[in-house]
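Examining the three-dimensional arrangement
Chain by chain, the residues run as shown.
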Amino acid sequence: MSNGEIVCEDLFKTYNIGKPNECRAVNGINLTISAGKIVSIIGPSGSGKSTLLNLISCLDTPTSGEVYIEGVGITPLNQFEKARLRREKLGFVFQQFNLIPTMSAAENVELPMRFMGASKSERKKRVRELLGLVDLEDKAGNRPSQLSGGQQQRVAVARSLVNNPQIILADEPTGNLDTKTGQNILDLLLKLNREQNKTLVMVTHDQRIAKMATRTINIIDGKISNKISQKSE
């Protein structure tokens, strides 16, 4: 499989199994996301789109079926192996930013590299590069409370890139931002796709993301709707 490819095979996620209120949040999804593509996942609230993203990101385990990240099936992996896969293969951008409030922008970006055992000099160089990429070199020492929402999201994007993953997963990356700031984040993500061939998978209600995507996947009641648009390549 290609670097950056994601495959879901006959994927199910069921909650309250065997109970009257049993719920299939993901209901038999088969999906291949090719390396270097931009994919938006849309659908009404409660449709299963965030659950699907959590399964792809190894933050949740399927009830049945399999997710392959660059050819590696996640189901047989233990928690340590899943954590390693997330660190090495995946970058995450969340609607709520999820920055550590007591750490500076530079320290937030650097944190995943600490878990990888990178040297101090390596960490410092990489953080400087990434803060430069998101135009926040002058905010390296600022804590999240000293940054605007857009600046915090740019720190989150930088953090998602620190271990150079080929896949970036984003859950409503523009959801807490005004229109102009949200567009700046989208432009940054497009740049990463265009210049570094990153695979982007984004759960969103933002029609701008759907329009820029190579492919839009509509999830309804845990299934992929027939209404799937794919741009010519």
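In what follows, the accompanying structure is described. These numbers come from a predicted model, not from an experiment.

What counts and what doesn't
- Residues numbered from 1 in each chain as written.
- Predicted model: local features only at pLDDT ≥ 70, side-chain atom pairs only at ≥ 80, totals over all residues.
- Heavy atoms only, no water.
- Helix = DSSP H or I, 4+ residues; strand = E, 2+ residues; numbered from the N terminus.
- Rg over C-alpha atoms; globule rule 2.2 N^0.38 Å.
- Contact = heavy atoms within 4.5 Å.
- Areas by Shrake-Rupley, 256 points an atom, 1.4 Å probe, with all protein chains shown as cover.
- Lys, Arg positive; Asp, Glu negative; His and termini not counted.
- Charge placed at Lys NZ, Arg CZ, Asp CG, Glu CD.
- Patch = residues over 30% accessible without salt bridge, like charges linked within 9 Å, V, L, I, M, F, W, Y side chains within 5 Å.
- Salt bridge = Lys/Arg side-chain N within 4 Å of Asp/Glu carboxyl O.
- Pairing = 2+ DSSP bridges.
- Axes fitted to C-alpha atoms, helices over the stretch in contact; angles between N-to-C directions.
- Expected span 1.5 Å × (residues − 1).
- Buried < 20%, exposed > 50% of the residue type's maximum accessible area, 1.4 Å probe, protein only.
- Parallel < 35°, antiparallel > 145°, perpendicular 65-115°, else oblique.
- Left-handed = near helix turned anticlockwise from the far one by under 90°.
- Nonpolar A, V, L, I, M, F, W, Y, C, P; charged D, E, K, R; others polar.
- Phe/Tyr/Trp six-rings, centres within 6.5 Å; stacked < 30°, edge-to-face > 60°.

**Some points on the overall build of the protein**
From N to C terminus, the protein includes 7 helices and 11 strands. For the protein, the C-alpha radius of gyration of 18 Å lies close to 17 Å, the compact-globule estimate for 233 residues. Partitioning the contacts of the protein with sequence separation of at least 6, the portion at a separation of at least 24 is 71%. Of the roughly 11300 Å² of accessible surface on the protein, 46% is carried by carbon and sulfur atoms. In the protein, 31 positive and 24 negative side-chain charges are present, and the distance between their average locations comes to 3 Å.

**Quick look at a positive patch on the surface**
Where like charges cluster on the molecular surface, the positive patch consists of Lys120, Lys124, Lys125 and Arg128. Secondary-structure assignment places Lys120 in helix H4 (residues 120-133).

**Some points on the sheet that holds strand S5 (residues 72-73)**
What the 4 strands build is an open sheet, ordered S2-S1-S4-S5; its pairing is antiparallel. A single partner strand is all that each edge strand has here, and the edge strands are strand S2 (23-33) and S5. One ladder, built from 2 bridges, connects strand S4 (residues 64-69) with S5; its direction is antiparallel. Its bridge partner lying in S5, Ile69 is registered against Val72. Sheet contacts for helix H1 (residues 49-56): strand S1 (6-15), S2 and S4; angle to S1, the most-contacted strand, approximately 120 degrees.

**Regarding the pattern of salt bridges**
This model, assessed by the stated rule, comprises 7 salt bridges. In this structure, the salt-bridge partner of Arg114 is Glu110, at a minimum N-O distance of 3.7 Å. Taken together, the residues span about one helical turn, with Arg114 and Glu110 both in helix H3 (residues 105-116) at a distance of 4 residues. Sharing partners across several salt bridges, the network here consists of Glu110, Arg114 and Arg123.

**Looking at helix H5 (residues 149-161)**
Over its 13 residues, H5 runs 19 Å from end to end, which matches the ideal 18 Å to within 8%, given 1.5 Å per residue. The buried fraction of H5 amounts to 11 of the 13 residues, a majority that puts the element mostly inside the structure. On its buried side, H5 packs onto strand S6 (90-94), H3, H4, strand S7 (167-171) and helix H6 (179-196).

**Re the environment of Ser148**
Mapped onto the fold, Ser148 is located in the loop between H4 and H5. Relative accessible area serves as the criterion here: at 38%, Ser148 is assigned to the partly exposed category. Taking C-alpha positions, Ser148 is 9.8 Å from Thr181, a pair spaced 33 residues apart along the chain.

**Re the packing of H3 against H5**
It is at 7 Å that the axes of H3 and H5 come closest, and there the two elements cross at 25 degrees. As the angle between them shows, H3 and H5 are arranged roughly parallel. In the crossing of H3 with H5, the sense of the turn from one axis to the other is right-handed. Between H3 and H5, the residues in contact are Ala105, Asn108, Val109 and Pro112 and Val155, Ala158 and Arg159, respectively. A breakdown of the residues in the contact of H3 with H5 according to their chemical character gives 5 nonpolar, 1 polar and 1 charged.

**Here we look at the environment of Asn16**
You can see Asn16 is positioned in the loop between S1 and S2. Overall, Asn16 belongs to the partly exposed group, its relative accessible area being 35%. Residues within four places of Asn16 in sequence aside, it is in contact with Asn21 and Glu22.

**Description of the packing of aromatic side chains**
Counting across every chain of the model gives 1 aromatic pair. Pairing Phe92 with Phe94 gives two aromatic rings, centres 6.0 Å apart and planes at 10 degrees, and the pair type is stacked.

**Some thoughts on H3**
Inspection of H3 places Ala105, Ala106, Asn108, Val109, Glu110, Pro112 and Met113 among the buried residues, and these make up the whole buried set. Structurally, H3 contributes buried residues whose contacts are with H4 and H5.

**Overview of the side chain of Lys49**
Along the polypeptide, Lys49 turns up in helix H1. One buried charged side chain, Lys49, makes no salt bridge at all; its nearest oppositely charged neighbour is Glu172, positioned 5.6 Å away. Excluding anything up to four places from it in sequence, Lys49 contacts Ile41, Ile42, Gly43, Pro44, Val203, His205 and Ile219.

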